[in-house]
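Architecture and fold: a report
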Protein chains: 2
Amino acid sequence: MTEKPLLLLSNDDGFDSKGLKELIETLRPMADLIVVAPSGPRSGSSGAITSQVPLRCSLVSEEPGVTVYKCSGTPVDCVKLALNSFVPRMPDMVIGGINHGDNSSVNVHYSGTMGVVIEGCLKGIPSVGFSLCNHAPDADFSATLPYVRRIVANVLAEGLPVGVCLNVNFPDVPDLKGVKVCRQTDGVWASEFAERKHPHGDVYYWMTGVYVNNEPDAPDTDHWALDHGYVAITPTQIDMTAYGQLKRINDWNWNL
Amino acid sequence: MTEKPLLLLSNDDGFDSKGLKELIETLRPMADLIVVAPSGPRSGSSGAITSQVPLRCSLVSEEPGVTVYKCSGTPVDCVKLALNSFVPRMPDMVIGGINHGDNSSVNVHYSGTMGVVIEGCLKGIPSVGFSLCNHAPDADFSATLPYVRRIVANVLAEGLPVGVCLNVNFPDVPDLKGVKVCRQTDGVWASEFAERKHPHGDVYYWMTGVYVNNEPDAPDTDHWALDHGYVAITPTQIDMTAYGQLKRINDWNWNL
């Protein structure tokens, strides 16, 4: 009897979010699943880890092929704790999502979903993040699911090079036009805060913001793909070295 | 009269940490400083942002050339809020640190100090993070300071390409041998949790861990430089695209 692949799932929207539940349902025929997800919403967690307070984790449900834990920490904490203490063997993949919201372009740096994926990748496991460009708690993920299955099947069959993971984003449209393998768009968040005044007089700030695409006409970018109805697959690497700058900076004046 | 450069400083150890205070004192003769730092420790914050609770910020001190605010959010929140609401003009540099602890190798993905730096870089500002390989609150930063001034002077004079920042790490030794411009070491954290039992019986976990260097003999890596007494300068880019994989992944079977 062939063992099914084992997939470790997490996210940043919490163990009871719709996107994670749909991910579980669409993948359970293909694989054994272990889910270790935050106990509540952790959007914007990036690669944050928790070292100053203890972490707690509890079993939510255990069905044949699907075991779910919730954990008090960040998305990255969940992956670390799962690999350290909860997986029965090394997973064949780590999967983040399906996120409620866009993680393309520079959002890779803020995304808890991609925190999950980068952590899996740092541990040498093929890792993929899935995100839908719709923040609503009841977003409709149905168009994404055949692509999720195809992408997971491809990664299980083909593998990924060590140090490379996938950041997959879906436009919020019912009819997806297919897949584009893209680069990370050059963009930036602007106008990021709304100022409010408390009844007692002190000022506070809500993070908000407008995303500005610095290259809206570049068809090789992930944001272009999303704008044009394609699934954007951005191969993402954990080595952030700017190799092109090593020599130039070495040539600066280093006399103290 | 020539205007002094304006530097925006933040960190992840909090506004009253020794490393930040020493950074301020060593840079104030060179520049006007605006400091917007977390109100307390935020180690391991990575690029995390706060959108679900409001942020508060208050003036700590205002002296000629040095204005200090503390902020309730993450290191990245501090940079965003500073640029949105507190800087008198666009800063010439964003600087994170001096961190109490090593941010070389894969730690770039967890580091709140590098969260500060990557955020500055995302905003198009030359940005540098400084970290000392010593976690102690009373760590001795004195050997690092001439290098901090040299690196800041170099970046002000030479600039950095858009999308590239510097991750600078100092070994915890009194006599630094000079500078090495390096790449990010391939390493991984292992044995990451210590399990404890509460008097009432439930299990909890402390994050801990052992860093494993997968290439200890590679002299072009940042960890090698640190191990051999050099200041490690790792040029770091915000474009995480794995360009070498675009074609290969595009050639996978994409039929649903």
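Everything below is about the structure printed above this text.
The following refers to the structure shown. Predicted, not measured: the structure shown is a model, and the values here were computed from it. (Residues numbered from 1 in each chain as written. Chains lettered and ligands numbered in written order. Predicted model: local features only at pLDDT ≥ 70, side-chain atom pairs only at ≥ 80, totals over all residues. Heavy atoms only, no water.)

**Notes on the nonpolar core**
By size, the foremost hydrophobic cluster in this structure holds 70 residues, and its most contacted members are Val 36 of chain A together with Val 36 of chain B. Ignoring any residue separated from it by four or fewer positions in sequence, one finds Val 36 of chain B in contact with Leu 8, Leu 9, Ser 10, Cys 57, Tyr 69, Cys 71, Cys 78 and Ala 82 of chain B. (Core = buried A, V, L, I, M, F, W, Y, C linked by side-chain atoms within 4.5 Å. Buried < 20%, exposed > 50% of the residue type's maximum accessible area, 1.4 Å probe, protein only. Contact = heavy atoms within 4.5 Å.)

**Let's talk about the packing of aromatic side chains**
If you walk through the whole model with that rule in mind, you get 16 aromatic pairs over all chains. Ring geometry for Tyr 204 of chain B and Trp 206 of chain B: centres 6.4 Å apart, planes at 85°, overall edge-to-face. Residue class for Trp 206 of chain B comes out partly exposed when judged on its relative accessible area of 30%. Put simply, the rings of Tyr 69 and Phe 86 of chain A together with Phe 193 and Tyr 205 of chain B touch in pairs and so form one group of aromatic residues. For Lys 180 of chain A, the ring lying beneath its charged end belongs to Tyr 230 of chain A, and the centroid distance is 4.7 Å. (Phe/Tyr/Trp six-rings, centres within 6.5 Å; stacked < 30°, edge-to-face > 60°. Lys NZ or Arg CZ within 6 Å of the ring centre and 35° of its normal.)

**Let's talk about the interface of chain B and chain A**
Counting residues at the interface gives 80 residues for chain B and 80 residues for chain A. Buried surface at the junction of chain B and chain A, both sides included, amounts to about 7100 Å², of which 64% is carbon and sulfur. Looking at the side of chain B facing chain A, the largest losses of area belong to Tyr 205, Met 207 and Met 240 of chain B, adding up to 11% of the total buried there. Remark: the boundary between chain B and chain A carries six salt bridges. Between Lys 123 of chain B and Glu 192 of chain A there is a salt bridge; the shortest N-O distance is 3.0 Å. The interface formed by chain B and chain A contains 43 residue pairs in polar contact (both at pLDDT 80 or more). (Buried area = accessible area lost by both parts, 1.4 Å probe. Salt bridge = Lys/Arg side-chain N within 4 Å of Asp/Glu carboxyl O. Polar contact = N/O pair within 3.5 Å; in protein donor to acceptor, adjacent residues only side chain to side chain.)

**Some details on the pattern of salt bridges**
Tallied over the entire structure, the rule returns 24 salt bridges over all chains. Across the salt bridge formed by Asp 202 of chain A and Arg 56 of chain B, the nearest N and O atoms sit 2.9 Å from each other. Of this pair, Asp 202 of chain A sits in the loop between strand 10 (193-197) and strand 11 (203-207) while Arg 56 of chain B is found in the loop between strand 2 (32-38) and strand 3 (57-63), placing the two residues in two different chains. You can call Asp 202 of chain A partly exposed: its relative accessible area is 31%. Looking at Arg 56 of chain B, the relative accessible area reads 33%, which means it is partly exposed. Here Asp 220 of chain B makes a salt bridge to Arg 183 of chain B, at a shortest N to O gap of 2.8 Å. Of this pair, Asp 220 of chain B sits in the loop between strand 12 (210-213) and helix 5 (222-227) while Arg 183 of chain B sits in the loop between strand 8 (179-181) and strand 9 (187-190), placing them 37 residues apart in sequence. A cluster of three or more residues bridged by salt bridges with shared partners is formed by Lys 80, Glu 119 and Lys 123 of chain A together with Glu 192 of chain B. (Helix = DSSP H or I, 4+ residues; strand = E, 2+ residues; numbered from the N terminus.)

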